[in-house]
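Remarks on the overall topology
What follows is the residue order along each chain.
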Amino acid sequence: MTSSKPDTATKPLQFMVSEEMFEHFGALAVQFGGHGKGAKTALFLELIAVYERTPTSEKARAPELEGELREAKAQEEELAVELKRMVRRQNALLNLLAEQSV
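Residues numbered from 1 in each chain as written. Predicted model: local features only at pLDDT ≥ 70, side-chain atom pairs only at ≥ 80, totals over all residues. Heavy atoms only, no water.

**Quick notes on the overall build of the protein chain**
Let me state the cut-off plainly: For helices the rule is a DSSP run of H or I covering at least 4 residues; for strands it is a run of E covering at least 2, with both sets numbered from the N terminus onward. We take the radius of gyration over the C-alpha atoms and set the globule estimate at 2.2 Å times the residue count to the 0.38 power. When a residue's accessible area, from a 1.4 Å probe over protein chains only, is under 20% of the maximum for its type it is buried; when over 50% it is exposed; and in between it is partly exposed. Here the open area of atoms and residues is found with the Shrake-Rupley method and a 1.4 Å probe, where only the protein chains shown may cover a residue. Counting rule applied: Lys, Arg positive; Asp, Glu negative; His and chain ends not counted. Taken as the charge centre is NZ of Lys, CZ of Arg, CG of Asp or CD of Glu, depending on the residue.
Secondary structure assignment for the protein chain yields four helices and zero strands. Overall, the protein chain shows an N-to-C arrangement of helices and strands of α-α-α-α. Relative to the 2.2 N^0.38 estimate, which gives 13 Å for 102 residues, the radius of gyration of the protein chain is 26 Å and therefore markedly larger than a compact globule would have. Dimensions of the protein chain, computed from C-alpha atoms along their principal axes, come out at roughly 95 × 35 × 20 Å. Taking all 102 residues of the protein chain together, the buried fraction comes to 5%. With an accessible surface of roughly 9800 Å², the protein chain has 59% of that area assigned to carbon and sulfur atoms. On the protein chain, the mean spot of the 13 positive side-chain charges and the mean spot of the 16 negative ones are 4 Å from each other.

**Remarks on the pattern of salt bridges**
Side chains that differ in charge, positive against negative, can pair when their charged atoms come close. As a reminder of what qualifies: Should a side-chain nitrogen of Lys or Arg be within 4 Å of a carboxyl oxygen of Asp or Glu, the pair is scored as a salt bridge.
Tallied over the full model, the rule gives three salt bridges. Residue Arg 61 is joined to Glu 64 by a salt bridge in which the shortest nitrogen-to-oxygen separation is 3.7 Å. Of the charged contacts, one joins Glu 82 and Arg 85 as a salt bridge, the two residues approaching to 2.3 Å between their closest N and O atoms. Of the two residues, Glu 82 and Arg 85 both sit in helix H4 (residues 62–100), three residues apart, roughly one turn of that helix. For Arg 85, a relative accessible area of 33% gives the class partly exposed.

**Examining the confidence of the model for the protein chain**
Note the threshold: Every residue carries a pLDDT, the predictor's confidence in it, which falls somewhere between 0 and 100.
When the pLDDT values of the protein chain are averaged, the result is 86; 93% of them are 70 or greater. Element-level mean pLDDT values for the protein chain span from 75 in helix H3 (residues 56–60) up to 94 in H4.

**Section: the environment of Thr 54**
Mapping Thr 54 onto the fold places it in the loop between helix H2 (39–53) and H3. C-alpha separation for the pair Thr 54 and Asn 91, spaced 37 residues apart in sequence, amounts to 50 Å.

**Remarks on the environment of Pro 12**
Within the secondary structure layout, Pro 12 lies in the segment before helix H1 (19–33). Looking at Pro 12, the relative accessible area reads 70%, which means it is exposed. Separated by 25 residues in the primary sequence, Pro 12 and Lys 37 have C-alpha atoms spaced 15 Å apart.

**Things to note about a nonpolar patch on the surface**
Test applied: Surface patches are drawn from residues lacking salt bridges whose relative accessible area is over 30%; two like charges belong together within 9 Å, two nonpolar side chains (Val, Leu, Ile, Met, Phe, Trp, Tyr) within 5 Å.
Together, Leu 13, Phe 15, Val 17, Met 21 and Phe 22 give the surface a local cluster of nonpolar side chains, amounting to about 520 Å² of exposed area. Counting through the fold element by element, Phe 22 comes out in helix H1.

**Side note on H1**
The criterion, for reference: A helix is expected to reach a length of 1.5 Å times the quantity of its residues less one.
Its 15 residues place the ends of H1 21 Å apart at the C-alpha level, agreeing with the 21 Å of an ideal helix rising 1.5 Å per residue. Gly 34, located one to two residues past H1, shows a positive phi value of around 85 degrees.

**Looking at the environment of His 24**
For His 24, the position within the fold is in helix H1. Assessed through its relative accessible area of 46%, His 24 is described here as partly exposed.

Okay, structure coming up:
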């Protein structure tokens, strides 16, 4: 009995990711390629293809963009704190108005 080999030799690519990342990648693979066999491989190959088509100048901007993202997240946290403070003040004012109208 002879076994047929694919035209191109393949090797497994194995690396560890968090369980959350594993589940997320699986869900993306289903969206990308359906529930069939090879969906994760197809998604991975598409990610590599997109990366290879990305201009080097964009790849070089990654650290800059990461810095901008960190700044945006810090601003978001500050705004969330300010919003909570404003809601507390508004509630206190509404309570004061309610007490005065009684």
